[in-house]
Amino acid sequence: MTFAEILAEKGAEAGLSFTPLQLEQFSRYYELLVETNKVMNLTAITEPEEVAVKHMVDSLLAYEAEMAGKTLADVGTGAGFPGVPLKIYCPELKVTLIDSLGKRLRFLQQVVCDAAAVLHLFTVIREMVMAVFVKAVYALAGERGGAGDVMKVAVDGVLHAF
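(A) Quick peek at the packing of aromatic side chains. Taken as a whole and judged by the stated rule, the model has six aromatic pairs. Between Phe3 and Tyr30 the ring centres are 4.2 Å apart and the planes differ by 0°, which places this aromatic pair in the stacked class. Of the two residues, Phe3 is situated in helix α1 (residues 3–13) and Tyr30 in helix α2 (residues 20–37); the sequence distance between them amounts to 27 residues. You can call Phe3 buried: its relative accessible area is 8%. Aromatic side chains Phe18 and Tyr89 sit 5.8 Å apart centroid to centroid with 80° between the ring planes, which places their arrangement in the edge-to-face category. Of this pair, Phe18 sits in the loop between α1 and α2 while Tyr89 sits in helix α4 (residues 83–89), and the two are 71 residues apart along the sequence. Relative accessible area serves as the criterion here: at 15%, Phe18 is assigned to the buried category. Classification of Tyr89 by relative accessible area gives buried; the value is 17%. Through a chain of ring-to-ring contacts, three or more aromatic side chains come together here, namely Phe18, Phe26, Tyr63 and Tyr89.

This is the structure we're talking about:
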(Lines give C-alpha, C1' and ligand atoms only; values in the text may rest on other atoms or scores of the structure.)
Protein backbone atom coordinates (compact mmCIF):
# COMPACT_ATOMS: atom_id res chain seq x y z
CA MET A 1 0.00 0.00 0.00
CA THR A 2 1.12 3.54 -0.67
CA PHE A 3 1.34 6.12 2.09
CA ALA A 4 -1.74 7.86 0.65
CA GLU A 5 -3.74 4.61 0.76
CA ILE A 6 -2.64 3.91 4.34
CA LEU A 7 -3.52 7.45 5.43
CA ALA A 8 -6.91 7.30 3.71
CA GLU A 9 -7.70 4.01 5.46
CA LYS A 10 -6.47 5.08 8.91
CA GLY A 11 -8.11 8.48 8.55
CA ALA A 12 -11.44 6.87 7.68
CA GLU A 13 -11.18 4.73 10.82
CA ALA A 14 -10.87 7.99 12.78
CA GLY A 15 -13.79 9.60 10.92
CA LEU A 16 -11.61 11.72 8.60
CA SER A 17 -11.88 11.98 4.82
CA PHE A 18 -9.34 13.45 2.42
CA THR A 19 -9.42 14.90 -1.06
CA PRO A 20 -6.99 13.53 -3.66
CA LEU A 21 -5.02 16.79 -3.41
CA GLN A 22 -4.72 16.45 0.38
CA LEU A 23 -3.53 12.86 0.03
CA GLU A 24 -0.90 14.05 -2.45
CA GLN A 25 0.21 16.79 -0.03
CA PHE A 26 0.39 14.42 2.93
CA SER A 27 2.38 11.95 0.81
CA ARG A 28 4.89 14.63 -0.20
CA TYR A 29 5.22 15.75 3.41
CA TYR A 30 5.84 12.12 4.41
CA GLU A 31 8.49 11.73 1.69
CA LEU A 32 10.30 14.89 2.81
CA LEU A 33 10.09 13.83 6.46
CA VAL A 34 11.57 10.38 5.84
CA GLU A 35 14.23 11.61 3.42
CA THR A 36 15.38 14.43 5.71
CA ASN A 37 15.24 12.13 8.75
CA LYS A 38 18.09 10.10 7.20
CA VAL A 39 20.50 12.99 7.81
CA MET A 40 18.74 14.89 10.60
CA ASN A 41 16.92 13.38 13.57
CA LEU A 42 13.38 14.72 13.19
CA THR A 43 11.40 11.73 14.43
CA ALA A 44 11.86 8.14 15.58
CA ILE A 45 8.66 7.22 13.74
CA THR A 46 9.27 6.63 10.02
CA GLU A 47 7.25 3.54 9.04
CA PRO A 48 4.33 4.55 6.78
CA GLU A 49 1.52 3.18 8.96
CA GLU A 50 3.01 4.62 12.15
CA VAL A 51 3.53 8.05 10.57
CA ALA A 52 -0.02 7.99 9.20
CA VAL A 53 -1.51 7.18 12.60
CA LYS A 54 0.86 8.68 15.19
CA HIS A 55 1.76 11.87 13.32
CA MET A 56 -0.88 12.71 10.74
CA VAL A 57 -4.15 11.33 12.14
CA ASP A 58 -3.26 12.19 15.74
CA SER A 59 -2.53 15.78 14.67
CA LEU A 60 -5.85 15.98 12.84
CA LEU A 61 -7.85 14.84 15.85
CA ALA A 62 -7.33 18.39 17.15
CA TYR A 63 -9.21 19.80 14.14
CA GLU A 64 -12.48 21.64 14.66
CA ALA A 65 -14.49 23.28 11.87
CA GLU A 66 -14.32 26.62 13.72
CA MET A 67 -10.56 26.73 13.05
CA ALA A 68 -11.04 27.76 9.40
CA GLY A 69 -9.84 31.33 8.90
CA LYS A 70 -8.28 31.49 12.37
CA THR A 71 -4.59 31.61 13.28
CA LEU A 72 -2.74 28.72 14.91
CA ALA A 73 0.66 29.21 16.56
CA ASP A 74 2.39 25.83 16.69
CA VAL A 75 4.99 26.51 19.38
CA GLY A 76 7.76 23.92 19.60
CA THR A 77 6.58 22.43 16.32
CA GLY A 78 9.56 20.12 15.81
CA ALA A 79 8.99 18.38 12.49
CA GLY A 80 5.72 20.28 11.98
CA PHE A 81 3.20 18.41 14.11
CA PRO A 82 0.35 19.29 14.45
CA GLY A 83 0.67 22.50 12.39
CA VAL A 84 1.49 21.09 8.94
CA PRO A 85 -1.18 18.33 8.95
CA LEU A 86 -3.78 20.81 10.20
CA LYS A 87 -2.84 23.26 7.42
CA ILE A 88 -3.06 20.56 4.76
CA TYR A 89 -6.45 19.45 6.10
CA CYS A 90 -7.77 23.01 6.49
CA PRO A 91 -6.08 25.33 3.96
CA GLU A 92 -8.02 28.31 5.36
CA LEU A 93 -6.20 27.95 8.68
CA LYS A 94 -3.32 30.41 9.09
CA VAL A 95 -0.39 28.58 10.68
CA THR A 96 2.76 29.90 12.30
CA LEU A 97 5.37 27.20 12.94
CA ILE A 98 7.66 28.17 15.81
CA ASP A 99 10.75 26.31 16.98
CA SER A 100 14.08 27.19 18.55
CA LEU A 101 16.25 24.88 16.41
CA GLY A 102 17.38 26.12 13.03
CA LYS A 103 17.79 22.62 11.58
CA ARG A 104 14.13 21.81 12.12
CA LEU A 105 13.08 25.16 10.70
CA ARG A 106 15.21 24.60 7.59
CA PHE A 107 13.31 21.34 7.09
CA LEU A 108 9.98 23.13 7.59
CA GLN A 109 10.98 25.87 5.14
CA GLN A 110 11.66 23.13 2.60
CA VAL A 111 8.20 21.63 3.29
CA VAL A 112 6.53 25.02 2.94
CA CYS A 113 8.47 25.92 -0.24
CA ASP A 114 7.81 22.48 -1.75
CA ALA A 115 4.09 22.99 -1.31
CA ALA A 116 4.08 26.76 -1.77
CA ALA A 117 1.44 26.74 -4.50
CA VAL A 118 -1.09 25.21 -2.14
CA LEU A 119 0.14 25.66 1.42
CA HIS A 120 0.51 29.42 1.62
CA LEU A 121 -0.01 31.49 4.77
CA PHE A 122 2.64 29.55 6.66
CA THR A 123 5.08 31.52 8.76
CA VAL A 124 8.21 29.81 10.03
CA ILE A 125 9.87 31.54 12.97
CA ARG A 126 13.06 30.80 14.91
CA GLU A 127 13.04 32.20 18.42
CA MET A 128 13.24 30.82 21.90
CA VAL A 129 10.01 28.96 22.49
CA MET A 130 8.93 30.47 25.80
CA ALA A 131 9.40 34.06 24.63
CA VAL A 132 7.45 33.31 21.47
CA PHE A 133 4.70 31.53 23.38
CA VAL A 134 3.89 34.72 25.26
CA LYS A 135 3.96 36.73 22.02
CA ALA A 136 1.75 34.17 20.29
CA VAL A 137 -0.83 34.19 23.06
CA TYR A 138 -1.07 37.98 22.97
CA ALA A 139 -1.15 38.09 19.16
CA LEU A 140 -3.88 35.48 18.95
CA ALA A 141 -5.83 37.10 21.77
CA GLY A 142 -5.94 40.26 19.64
CA GLU A 143 -7.65 38.30 16.86
CA ARG A 144 -10.45 37.03 19.05
CA GLY A 145 -13.79 38.23 17.76
CA GLY A 146 -15.82 37.92 20.92
CA ALA A 147 -15.74 36.80 24.50
CA GLY A 148 -17.07 33.35 23.60
CA ASP A 149 -14.30 32.55 21.12
CA VAL A 150 -11.73 29.97 22.08
CA MET A 151 -8.10 30.60 21.22
CA LYS A 152 -5.97 27.53 20.42
CA VAL A 153 -2.20 27.32 20.68
CA ALA A 154 -0.15 24.19 20.01
CA VAL A 155 2.84 23.82 22.32
CA ASP A 156 5.24 20.92 21.75
CA GLY A 157 2.60 19.07 19.75
CA VAL A 158 -0.22 19.55 22.28
CA LEU A 159 -3.14 21.80 21.36
CA HIS A 160 -4.20 24.10 24.19
CA ALA A 161 -7.44 26.10 24.32
CA PHE A 162 -7.66 29.48 26.04
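(B) Structural context of the side chain of Asn37. By the secondary structure assignment, Asn37 is in helix α2. When residues no more than four places from it in sequence are discounted, the contact partners of Asn37 are Leu42, Thr43 and Thr46.

What counts, and at which threshold
Residues numbered from 1 in each chain as written. Predicted model: local features only at pLDDT ≥ 70, side-chain atom pairs only at ≥ 80, totals over all residues. Heavy atoms only, no water. Phe/Tyr/Trp six-rings, centres within 6.5 Å; stacked < 30°, edge-to-face > 60°. Helix = DSSP H or I, 4+ residues; strand = E, 2+ residues; numbered from the N terminus. Buried < 20%, exposed > 50% of the residue type's maximum accessible area, 1.4 Å probe, protein only. Contact = heavy atoms within 4.5 Å.

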